[in-house]
Amino acid sequence: MPISLSAGTPVKAGAATHCPYCALQCGMRVTVGETVTIVPRQDVPANAGGLCQKGWTAGEPLTSGERLTTPLLYGEAATWDEALDVVAERIREIQREHGPDGVAVFGGGGLTNEKAYQLGKFARMVLRTSQIDYNGRFCMSSAAAAANRAFGMDRGLPFPITDLAAADAVLIAGGNVAETMPPFVRHLAAMRDRGGRLVVVDPRATATAGQADLHLQPTPGTDLALALGLLHIVIAEGHVDEDYVTRRTSGFDAVRTSVAAWWPERVERITGVPVARMRLAVEMLGGAARAAILTGRGAEQHAKGTDTVSAFINLALALGLPGREGSGYGCVTGQGNGQGGREHGQKADQLPGYRRIDDPAARAHVARVWGIAPEDLPGPGRSAYELLESLGAGGGPRALLLFGSNPVVSAPRAGHVAERLGSLDLLVVSDLFMSETAALADVVLPTTQWAEESGTVTNLEGRVLLRRQAAVPPAGVRSDLEILRGLAVRLRGAEGFPTDPREVFDELRRASAGGTADYAGITYERIAAETGVFWPCPAEDHPGTPRPFLDRFATPDGRARFVPVEHRPPREDVDGDYPLYLTTGRVLAHYQSGVQTRRVAALNAVVAEAFVELHPDLAERMEVSSGDRLRVVGRRGVTEGVARVNPAIRADTVFMPFHWPGVNLLTNPALDPVSRMPEFKVCAVRLERAG
Ligand SMILES: Nc1nc2c(c(=O)[nH]1)N[C@H]1C(S)=C(S)[C@@H](COP(=O)(O)OP(=O)(O)OC[C@H]3O[C@@H](n4cnc5c(=O)[nH]c(N)nc54)[C@H](O)[C@@H]3O)O[C@H]1N2
Ligand SMILES: Nc1nc2c(c(=O)[nH]1)N[C@H]1C(S)=C(S)[C@@H](COP(=O)(O)OP(=O)(O)OC[C@H]3O[C@@H](n4cnc5c(=O)[nH]c(N)nc54)[C@H](O)[C@@H]3O)O[C@H]1N2
Ligand code: SF4
Ligand SMILES: [Mo]
């Protein structure tokens, strides 16, 4: 069956585009022939000529022999018409029996803005289901929630990344950018070359901590106490920028009172960070004319992640940083379109433009753009883990359409999630490869990859970028936009579901107009001419907004809000049976659930399987050496990994990457009450020797 090219763009050598992986969205030029040639772009400030090993090897998945090229219907090859007919028919039956919410949708922060927008529109307008959420809930939702309540807006970095080079101090809590965004380090190195200081907070002495002037090494799950302690010292040592606090913020008195009890010795007992080191950190930050405080997943992926980020934002506000040129608070966003993916309506409570789905004005605006009545828009649905947990259970959805995520590997308590997926009447997965989740699906739809289509992504700075098509997709695959149109045609009619990304983007611009994330003035032409445009950008003659908080914050009174927060222990603490903390994260060579990077030989040559990082003291007690196989036993499951004995980790903590199936069998789905973020970064385990 013939396929149509989605973009209409000439496929050319050296197409200027961006990496398929993380939120740095390094610029690259791609030429696809028998082999794929990738050259870093100099004109994209985030990477300015740099790439990490994943970026250099990003061509391999394009030409992989494991590529899916045929729809699969109950395990058998099928034509697109057969597959889409069955999906549409089953959706109709299930919704007849269970109502619109009988069918759910799950998206991803790796999808382009156009796909994320169209997926949300498809769910609300065609399926009329409220049951849509996405993997960004597992990613930066805590930082987003805290930024929204402090600043009235969540834009990962509310300043260009190059501002960091001009700072005098930067504190990164729970981010290992040297492995997760290697070219990011250039900006930090430039800062240090000028005499600026880097402070890193991480239970492991990571590659990033190795470049720091000061490393604070807390017990996992104690960053909130640490941030309260740092603010206590800031106040006690007279580092509060009183003038800024008076002019630009509200609510400081309650926070000042709430940190009074967090004296340094108490914080040392909870976090394990020596008082002297906390004082040093405060000296570095307090003495800096320009400084930034950044958080990554290490501080955020906790059942108290939102409050933890609020505590770091309070610290930044007391020091007078946000909204000042060259200073601020920022979240180091994760996925390729982690920022844009959280703005355009694939989130349970959201409509395009970062609008709230329960706001009548927002509903009226978006309904007008979509040509429907506001009352035909469903309300808010379940958050990602709650949605996955409800599948196939009493009252939960009976069908799931999944685009751009692999929750069997990446969701917390993954064994339970796999069981829920297995209990569905219909699971449809669109993917490039046979992921662990696709392997459970009734219908698998093979889709195009980054370099085979055009579309926009919004990087961690809030800069909207254009990925240009560089290759013709293999025969048999369709873009996600084509898949959504194919289903829309069968369920409601094709109108409103074009397959040209530019057409979708032009509608997204209108749908986002007037919203927080306003893209109205951004065009493909402008992005190309200006190497990206910062939102908000309400009009074509508007320059875009690199630093949105210089004059006022996005709150009703223009002031940033201090939010008093309290520390509490992890939801699952260590005990006699499970005496060790397990924390999880990433290694340089692999990406996320590994579906793409586990198919790249050069990356497998670096790390090919899951490992368990443990301290030499613990290894000695267990009589374990590097290379031995270990069983990691938790309350929800068991997994295995190869021991890596390393003095860089705390002796009470073990670390495992989540790029291979296994570790998420153990992780705790306890959710943050505000963001609904699971506690990926701490649960209790014991180690046993395997075999
Ligand atoms: N190589 C690679 N790069 C990636 C990705 C990838 O999969 N692989 N994914 C992208 C995505 S989606 C994301 S979200 C980002 C994530 O980027 P990061 O946040 O940098 O990545 P993580 O490795 O998840 O966590 C960072 C650090 O948190 C530490 N940590 C663990 N528990 C705690 C704690 O309780 N407190 C503190 N302070 N630190 C803790 C870990 O030791 C780890 O070094 O990376 C992006 N870039
Ligand atoms: N233990 C633990 N678990 C974690 C984390 C952690 O730190 N620790 N981090 C969490 C975080 S921050 C994240 S972001 C999640 C990520 O975890 P996932 O949500 O599983 O994300 P990916 O592994 O990137 O899965 C993307 C899937 O979509 C496919 N894909 C790529 N591009 C496209 C596209 O354009 N269209 C379609 N249809 N498919 C596409 C890929 O092949 C892959 O199978 O994991 C979370 N899980
Ligand atoms: S994975 Fe991230 S850091 Fe590496 S090349 Fe791609 S965008 Fe750049
Ligand atoms: Mo992420």
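All values derive from a computational prediction rather than experimental measurement.

(A) Focus on the site of ligand 2. Around ligand 2, 29 residues are found, and the nearest of them are Asn135, Ser410, Asp431, Asp480 and Ser593. Within the contact set of ligand 2, a nitrogen atom lies 2.7 Å away from a side-chain nitrogen or oxygen of aspartate 480. In isolation ligand 2 offers 930 Å² of accessible surface; the protein chains occlude 95% of this area. Along the lines of polarity and charge, the residues of the shell around ligand 2 split into 8 nonpolar, 16 polar and 5 charged. Counting contributing residues per domain, the shell around ligand 2 is built from domain 2 (72–138 + 338–448 + 477–496) and domain 4 (580–689), each supplying no fewer than three.

(B) The arrangement of the packing of aromatic side chains in detail. Scanning the entire structure with this criterion turns up 12 aromatic pairs. When the centroid spacing of 5.2 Å and the interplanar angle of 45° are considered together, the rings of phenylalanine 549 and phenylalanine 553 count as tilted. Classification of phenylalanine 549 as buried rests on a relative accessible area of 4%. The ring of tryptophan 263 is capped by arginine 266, whose NZ or CZ atom sits 5.7 Å from the centre of that ring.

(C) Layout of the site of ligand 1. Not every one of the 32 residues close to ligand 1 is listed here, only the nearest: Asp202, Asp223, Arg586, His590 and Gln592. Interatomic distance of 3.0 Å between a side-chain N/O atom of lysine 54 and a nitrogen atom of ligand 1. For ligand 1, an oxygen atom lies 3.2 Å from a polar atom in the side chain of histidine 302. Of all the secondary-structure elements, those providing two or more residues to the shell around ligand 1 are α6 (177–180), α13 (297–300) and β23 (580–585). In terms of residue class, the shell around ligand 1 is made up of 8 nonpolar, 16 polar and 8 charged.

(D) The arrangement of the UniProt feature "domain: 4Fe-4S Mo/W bis-MGD-type" (unreviewed entry) in the protein chain in detail. Those residues carrying the UniProt feature "domain: 4Fe-4S Mo/W bis-MGD-type" (unreviewed entry) are residues 12–64 in this numbering. Across residues 12–64, helical content stands at 15% and strand content at 28%; the span's end C-alpha atoms are separated by 21 Å.

(E) Spatial organisation of the domain arrangement of the protein chain. When its domains are assigned, the protein chain resolves into domain 1 (15–63), domain 2 (72–138 + 338–448 + 477–496), domain 3 (141–331) and domain 4 (580–689). Computed from C-alpha atoms alone, the centre-to-centre distance between domain 1 and domain 3 is 31 Å. Taken together, the contact between domain 1 and domain 3 spans 13 residues of the former and 10 residues of the latter. For the pair domain 1 and domain 3, the interface holds 0 salt bridges. If you look at where domain 1 meets domain 3, you find 3 residue pairs in polar contact (both at pLDDT 80 or more). Residues belonging to the side of domain 1 that touches domain 3 are distributed by class as follows: 9 nonpolar, 3 polar and 1 charged.

(F) Geometry of the nonpolar core. Formed by 117 residues in total, the largest nonpolar core has its most connected members in Phe122, Phe151, Leu171, Ile293, Tyr329, Leu401 and Ile522. Of all the elements, helix α8 (residues 223–236) adds the most residues to this core, at 9 residues. A domain-level breakdown of this core finds at least three residues from each of domain 2 (72–138 + 338–448 + 477–496) and domain 3 (141–331). Among the nonpolar cores identified, the runner-up in size contains 40 residues, and Ile161, Phe184, Leu198 and Leu294 belong to it.

(G) Molecular detail of the sheet that holds strand β19 (residues 455–458). Spatial ordering of the open sheet is given by β19-β20-β21, a layout of 3 strands whose pairing is antiparallel. Only two strands of the sheet have a single partner each, and these edge strands are β19 and β21 (533–534). Sheet topology places β19 next to strand β20 (residues 463–467); 4 bridges connect them, and they run antiparallel. Note that in β20 the partner of threonine 458 across the bridge is valine 464.

(H) Region of the structure containing the sheet that holds strand β12 (residues 291–295). Ordered in space as β10-β9-β8-β12-β13, the 5 strands form an open sheet in which the pairing is parallel. The sheet is open, and its two borders are formed by β10 (214–216) and β13 (328–331), each paired with just one other strand. Geometrically, the sheet is characterised by an average inter-axis angle of 15° between neighbouring strands, direction not taken into account. Pairing of strand β8 (residues 169–173) with β12, which is carried by 5 bridges, proceeds in the parallel orientation. Paired with alanine 173 across the bridge in β12 is threonine 295. Sitting on the sheet, helix α12 (residues 275–286) touches β8, β9 (197–201), β10 and β12, and the angle it makes with β10 is about 130°.

(I) Looking closely at the pairing of β8. Of all 5 residues that make up β8, 5 are buried, and the element is covered over most of its length. Here β8 shows a buried face lined by Ala169, Leu171 and Ala173 and a second buried face lined by Val170 and Ile172. Where β8 meets β9, 5 bridges bridge the pair, whose relative direction is parallel. Each bridged residue has a counterpart across the sheet, and for leucine 171 the counterpart in β9 is valine 199.

(J) Fine view of helix α5 (residues 141–151). The buried fraction of α5 amounts to 9 of the 11 residues, a majority that puts the element mostly inside the structure. Looking at the buried positions of α5, the neighbouring elements they touch are α13, α14 (305–318), β13 and β22 (560–561). At the exit of α5 stands glycine 152, carrying a positive phi of roughly 75°.

(K) Layout of the packing of helix α11 (residues 264–271) against α12. Packing of α11 against α12 brings their axes to within 9 Å, and their N-to-C directions diverge by 110°. On the basis of their axis angle, the class for α11 and α12 is roughly perpendicular. The handedness of the crossing between α11 and α12 is right-handed. Together, Pro264, Glu265, Val267 and Glu268 of α11 and Val275, Met278 and Arg279 of α12 make up the contact between the two elements. Among the residues making up the contact of α11 with α12, the classes are represented as 4 nonpolar, no polar and 3 charged.

Rules behind the numbers
Residues numbered from 1 in each chain as written. Chains lettered and ligands numbered in written order. Predicted model: local features only at pLDDT ≥ 70, side-chain atom pairs only at ≥ 80, totals over all residues. Heavy atoms only, no water. Near = heavy atom within 4 Å. Polar contact = N/O pair within 3.5 Å; in protein donor to acceptor, adjacent residues only side chain to side chain. Areas by Shrake-Rupley, 256 points an atom, 1.4 Å probe, with all protein chains shown as cover. Nonpolar A, V, L, I, M, F, W, Y, C, P; charged D, E, K, R; others polar. Domains from an automatic or database assignment. Phe/Tyr/Trp six-rings, centres within 6.5 Å; stacked < 30°, edge-to-face > 60°. Buried < 20%, exposed > 50% of the residue type's maximum accessible area, 1.4 Å probe, protein only. Lys NZ or Arg CZ within 6 Å of the ring centre and 35° of its normal. Helix = DSSP H or I, 4+ residues; strand = E, 2+ residues; numbered from the N terminus. UniProt positions renumbered as here; feature names shortened; annotations may be inferred. Contact = heavy atoms within 4.5 Å. Salt bridge = Lys/Arg side-chain N within 4 Å of Asp/Glu carboxyl O. Core = buried A, V, L, I, M, F, W, Y, C linked by side-chain atoms within 4.5 Å. Pairing = 2+ DSSP bridges. Axes fitted to C-alpha atoms, helices over the stretch in contact; angles between N-to-C directions. Parallel < 35°, antiparallel > 145°, perpendicular 65-115°, else oblique. Left-handed = near helix turned anticlockwise from the far one by under 90°.

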